[in-house]
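Descriptive structure summary
One-letter residues, chain by chain:
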Amino acid sequence: MIKPILESKIAIIGLGYVGLPLAVAFAEKYKTIGYDIDSKRVEELQKGHDRTLEVEDQELQKVLVKTPVELEEKGKGLQITDAVLPISSCNIYIVTVPTPTDKHNRPILTPMLKASEAIGRVLKKGDVVIYESTVYPGVTEEECVPVLEKISGLKYNEDFFAGYSPERINPGDKEHTVTKILKVTSGSTPEVATYVDDLYRSVIIAGTHKASSIKVAEAAKVIENSQRDINIAFVNELSKIFNLLNIDTQEVLEAAGTKWNFLPFKPGLVGGHCIGVDPFYLAQKAQEVGYHPEIILAGRRLNDSMGKHVATETIKHMMRKDLKVIDAKVLILGFTFKEDCPDVRNTRVIDIYQELKSFDMEVDVYDPWADPAEVMHEYGIQIVNGNTKANLNQYSAIILAVAHKEFKSWDLKKSNEQVIFDVKAALPKKNVDARL
């Protein structure tokens, strides 16, 4: 028998960009335990600080409790732990772990399967397991549920139940936060679907949409980002074409945008943990059932080519100004996958860096938002520190790769001795040599 929602204790498995905001939202109303295997991350959160900046420190500290006793006494709040035992008292488990791809762009389900194993060790009759991680249709019931059954010894849809409610977090967006984005929900039976929908509806002020099945909800999520990827790929291709025609892409988009139904997509680098990854999940499943997706993979190839395109265009402009390329100093401004956000996962700025380095250029990267230790660990690059702004004249080229708010006020202007390439069209057109 499923416990009534108001009597529930909720476990959030994975406390990253998705899990932590969700845990805080539930903690304002329910007894909530946040579990993560990263002990450093857990220690940081227990002290009331979120380095991803998705949750304000005061917002986190407001719901934090230190002990299980305090959680029970208050009847709501958030306990943070890196141990499995504390979550054994929960009856709702929500999985918000990463779903990356490997170097061959194949889906990696290991985090979801490991999370399922952890839950399986504490799963009880009447419990509900809800997955939020982005996957291809079928993963919840065909990959994760069998793990839950095997580890727990319980039977699916008799002893325990499942749901899927795809995350819709937009890192760095302080307007469209977790409770303000309409939530798609689903469940393994009609009754459980209503239960899951009611649970989310109790904290999501934007409302919910109950999908007809778990597979429908999974498919809905994976096509959201695939659609954006394809639309961005289209304008990226336009950018390459218009560059050859000596037409400014931004001016074309502004003109076309005067029509009421023109979609306002812009060219750029497509990275991050969603748009640059999710299409591969859908492509994988399509290929498993015998269909080779053409548009989806073409969009991925096009978007993944943009970093090299930016680098080669920068070099062309240097050569037109008779600037030395080999051993030239180049500055890349920004390394995160998007502006005003510390997330460096799957950043495509690395493609610009590597292409420039292949020409034996000396490349510096400056980003006030990125964690230098994380960049060094993930990419082997030492980010420039100090007063970079005071030494801009030493560079033959400057590439504004990420439009952090700090950079928009910099007095960057093209000259005979320096090339300015504006990837995001964040600077006045007259100040730059080129832009996408």
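Rules of the game
Residues numbered from 1 in each chain as written. Predicted model: local features only at pLDDT ≥ 70, side-chain atom pairs only at ≥ 80, totals over all residues. Heavy atoms only, no water. Helix = DSSP H or I, 4+ residues; strand = E, 2+ residues; numbered from the N terminus. Rg over C-alpha atoms; globule rule 2.2 N^0.38 Å. Areas by Shrake-Rupley, 256 points an atom, 1.4 Å probe, with all protein chains shown as cover. Patch = residues over 30% accessible without salt bridge, like charges linked within 9 Å, V, L, I, M, F, W, Y side chains within 5 Å. Salt bridge = Lys/Arg side-chain N within 4 Å of Asp/Glu carboxyl O. Buried < 20%, exposed > 50% of the residue type's maximum accessible area, 1.4 Å probe, protein only. Right-handed = clockwise from strand over helix to strand, strands pointing away. 1 Å grid on protein atoms, 1.4 Å probe; cavity = no way out; pocket = protein on both sides within 12 Å on 5 of 7 lines; lining within 4 Å. Points joined across faces, edges and corners; volume = space filled by probe spheres on them. Nonpolar A, V, L, I, M, F, W, Y, C, P; charged D, E, K, R; others polar. Domains from an automatic or database assignment. Contact = heavy atoms within 4.5 Å. Buried area = accessible area lost by both parts, 1.4 Å probe. Pairing = 2+ DSSP bridges. Axes fitted to C-alpha atoms, helices over the stretch in contact; angles between N-to-C directions. Parallel < 35°, antiparallel > 145°, perpendicular 65-115°, else oblique. Core = buried A, V, L, I, M, F, W, Y, C linked by side-chain atoms within 4.5 Å. Phe/Tyr/Trp six-rings, centres within 6.5 Å; stacked < 30°, edge-to-face > 60°. Lys NZ or Arg CZ within 6 Å of the ring centre and 35° of its normal.

To continue, consider the overall build of the protein chain. From N to C terminus, the protein chain includes 14 helices and 13 strands. Its C-alpha atoms give the protein chain a radius of gyration of 24 Å, near enough to 22 Å, the size a compact globule of 436 residues would have. Principal-axis analysis of the C-alpha atoms places the extent of the protein chain at approximately 75 × 50 × 40 Å. For the protein chain, the accessible surface area stands at approximately 19900 Å², while carbon and sulfur atoms represent 52% of it.

On the surface, a cluster of nonpolar side chains totalling about 260 Å² of accessible area is made up of Ile 241, Leu 245 and Ile 247. Along the chain, Ile 241 turns up in helix H8 (residues 214-244). Looking at Ile 241, the relative accessible area reads 40%, which means it is partly exposed.

Each regular strand shows side chains that alternate between the opposite faces of the sheet. Alternating positions in strand E6 (residues 161-164) separate into two faces, Phe 161 and Gly 163 on one and Ala 162 and Tyr 164 on the other, with burial throughout. Running through helix H6 (residues 139-152), the crossover from strand E5 (residues 128-131) to the neighbouring parallel element E6 is right-handed.

We now examine the layout of surface pockets. Over the atoms, a rolled probe matching the size of one water molecule traces out where space is still vacant. If you add up the space inside the second largest pocket, you get close to 1000 Å³. Forming the boundary of the second largest pocket are 36 residues, of which Asn 170, Arg 228, Ile 232, Ile 275 and Lys 338 lie nearest the centre. Counting residues per element, the lining of the second largest pocket draws most heavily on H8, which supplies 5 residues. Residues that form the lining of the second largest pocket fall into these classes: 16 nonpolar, 10 polar and 10 charged.

What follows deals with the domain arrangement of the protein chain. Structurally, the protein chain comprises domain 1 (5-212) and domain 2 (227-435). Between the C-alpha centres of domain 1 and domain 2 there is a distance of 34 Å. Across the contact, 21 residues belong to domain 1 and 18 residues belong to domain 2. Summed over both partners, the interface of domain 1 with domain 2 buries about 1500 Å², with 62% contributed by carbon and sulfur atoms. Contact with domain 2 buries surface across domain 1, with Tyr 17, Tyr 136 and Pro 171 losing the most and accounting together for 33% of the total.

Now for the pattern of salt bridges. Summed over the entire model, instances satisfying the criterion amount to 26 salt bridges. When the shortest N-O distance is used, the salt bridge between Glu 43 and Lys 47 registers 3.4 Å. Its salt-bridge partner being Asp 229, residue Arg 300 comes within 2.7 Å of it at the nearest N-O pair. In this pair, Arg 300 sits in helix H11 (residues 294-304) while Asp 229 sits in helix H8, placing the two residues 71 residues apart along the sequence. The exposure classification of Arg 300 matches that of Asp 229, with both residues buried.

Within strand E10 (residues 362-366), 4 of the 5 residues are buried, leaving the element largely enclosed by the surrounding structure. Relative to E10, strand E9 (residues 329-333) is paired through 5 bridges, and the arrangement is parallel. Residue pairing for E10: Leu 331 is matched across the bridge by Asp 364. As for the winding sense of the linkage, the β-α-β connection from E9 through helix H13 (residues 349-357) to E10 is right-handed.

Right, let's get into the sheet that holds strand E13 (residues 434-435). Across the sheet, which stays open at both edges, the 5 strands sit in the order E10-E9-E11-E12-E13 with parallel pairing between neighbours. The two strands at the open ends of the sheet, each matched to only one other strand, are E10 and E13. Of the strands in this sheet, strand E11 (397-400), strand E12 (419-422) and E13 touch helix H12 (residues 306-320), which is tilted by about 155° from E12.

The next thing to look at is the packing of H8 against helix H9 (residues 249-256). At their nearest, the axes of H8 and H9 sit 9 Å apart, and the two run at 125° to each other. Classified by the angle their axes make, H8 and H9 are oblique. In this structure, H8 contributes Val 235, Leu 238, Ser 239 and Phe 242 to the contact, and H9 contributes Thr 249, Val 252 and Leu 253. A breakdown of the residues in the contact of H8 with H9 according to their chemical character gives 5 nonpolar, 2 polar and no charged.

In terms of nonpolar packing, the biggest core is built from 41 residues, with Ile 87 and Tyr 93 touching the most fellow members. Composition of this core by domain shows at least three residues from each of domain 1 (5-212) and domain 2 (227-435). Once residues lying within four places of it in the same chain are set aside, the contact partners of Ile 87 are Ala 11, Ile 13, Ile 33, Tyr 35, Tyr 93 and Val 122. Of all hydrophobic cores here, the second largest spans 36 residues; its members include Tyr 353, Val 375, Ala 397 and Ile 399.

Glancing now at the packing of aromatic side chains. Taken as a whole and judged by the stated rule, the model has 8 aromatic pairs. Between Phe 26 and Tyr 30, the aromatic rings sit 6.1 Å apart at their centres with planes inclined by 55°, giving tilted as the arrangement. Taking relative accessible area as the criterion, Phe 26 reaches 0% and is therefore assigned buried. Taken together, the ring pairs in this structure connect Phe 26, Tyr 30 and Tyr 200 into an aromatic cluster. Stacked on the ring of Trp 260, the Lys or Arg Lys 259 has its end atom at 5.4 Å from the ring centre.

With that out of the way, let us pick up unusual backbone geometry. For residues other than glycine, phi is negative in most cases, and the peptide bonds are mostly trans. Phi at Asp 340 is positive, roughly 55°, even though this residue is not glycine. Note that Asp 340 resides in the loop between E9 and H13. Unusually for a residue other than glycine, Asn 346 sits at a positive phi of about 55°. Note on placement: Asn 346 falls in the loop between E9 and H13. Residue class for Asn 346 comes out partly exposed when judged on its relative accessible area of 24%.

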